[in-house]
Amino acid sequence: MRIDATASVMTQEKRETPQEEIRLDSFFKWVWRGKWFIIFLVVLASGVATVMGLQQAELHTSIALIEVGRVWGKPLKDMYVTVEIANSPGFLQDVANKIGVRPAQLDRSVQVDALESGVPHSIYPILIRVTARHERADEAVRLAQSVADEIVARHQTLFDEAMAPHLERQHQLEQRLKELGSQPSDRDFAFKLEGELDNVKANNLSPTSTEKTHLIEKVVPGAAVRPDIWRGAVTAGLMAGLAGVAV
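What counts and how
- Residues numbered from 1 in each chain as written.
- Predicted model: local features only at pLDDT ≥ 70, side-chain atom pairs only at ≥ 80, totals over all residues.
- Heavy atoms only, no water.
- Helix = DSSP H or I, 4+ residues; strand = E, 2+ residues; numbered from the N terminus.
- Buried < 20%, exposed > 50% of the residue type's maximum accessible area, 1.4 Å probe, protein only.
- pLDDT = per-residue confidence, 0-100.
- Polar contact = N/O pair within 3.5 Å; in protein donor to acceptor, adjacent residues only side chain to side chain.
- Contact = heavy atoms within 4.5 Å.

Draft legend 1. Focus on unusual backbone geometry. In this structure, Trp72 is a non-glycine residue whose phi angle is positive, near 55°. The residue Trp72 is located in the loop between strand E2 (70-71) and strand E3 (74-75) in this model. Exposure remark for Trp72: the relative accessible area of 28% places this residue in the partly exposed category.

Below, the structure written as structure tokens:
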């Protein structure tokens with residue numbers, strides 16, 4: 001019985017295999033018969049994509065590089081958090097309202113990201129990069145500058161808040177030393193206050209410890225880039241070819 005069942009299965013497989021081959025042959029025959037139709041679709045789609053690509057204007061790119069400030073060696077805000085905020089709808093709407101453009105246009109034209117450095121297993125952000133693209137070079141500069149100015153302005157508020165207690169401490173130490181200046185018996189205590197005051201002043205004034213968020217360089221127009229026409233034409237041609245084969 002087992003031998004009969006095995007023989008029956010093998011016979012069925014032998015019958016199915018020619019049928020599958022016949023179906024594949026029929027498929028390729030139909031594709032071959034419609035080759036001119038498929039070629040026509042490919043040429044038409046590629047031609048339309050090429051013409052549309054040629055009609056697109058060049059895009060000018062402007063880049064603003066921002067260094068995040070710090071107070072007493074501590075960054076005002078995490079760079080990745082700053083990038084997420086700068087790409088948020090609320091932030092873009094605030095900037096768009098100030099410069100008189102639509103938020104959707106600003107969202108399409110401007111991208112904020114973190115410029116990273118280091119080795120693959122230890123990547124860290126070093127700068128914030130604002131990239132603006134527009135058909136006009138001056139508008140690309142304006143968009144990049146506006147977003148960068150808003151980031152700097154918001155960080156200015158953080159800087160003032162973080163510096164307030166340190167400046168107040170410096171003022172208190174200076175006033176205390178003035179009061180002790182006419183009392184020789186408190187010279188040891190005065191020396192301690194002077195040492196603390198020197199440390200506070202060094203951290204308040206040293207650019208390596210305390211610095212405001214600022215642009216690295218002036219924002220200028222970058223190179224003009226034309227959209228990748230051939231990639232669009234090839235993609236359209238492949239899609240048209242697949243559609244023709246399906247038909």
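Having seen the structure, we can now continue with the description.
Draft legend 2. Just the confidence of the model for the chain, in detail. The predicted model of the chain has a mean per-residue pLDDT of 81, with 69% of residues at 70 or higher. Element-level pLDDT for the chain is lowest in helix H1 (residues 2-33), with a mean of 55, against a maximum mean of 96 in strand E6 (residues 214-215).

Draft legend 3. The side chain of Glu150, seen in detail. The residue Glu150 is located in helix H6 (residues 137-180) in this model. When its relative accessible area of 9% is taken as the criterion, Glu150 is described as buried. Here the side chain of Glu150 touches Arg154 through a polar contact of 2.9 Å, side chain to side chain. Excluding residues within four positions of it along the chain, Glu150 makes contact with Phe91, Val95 and Lys98.

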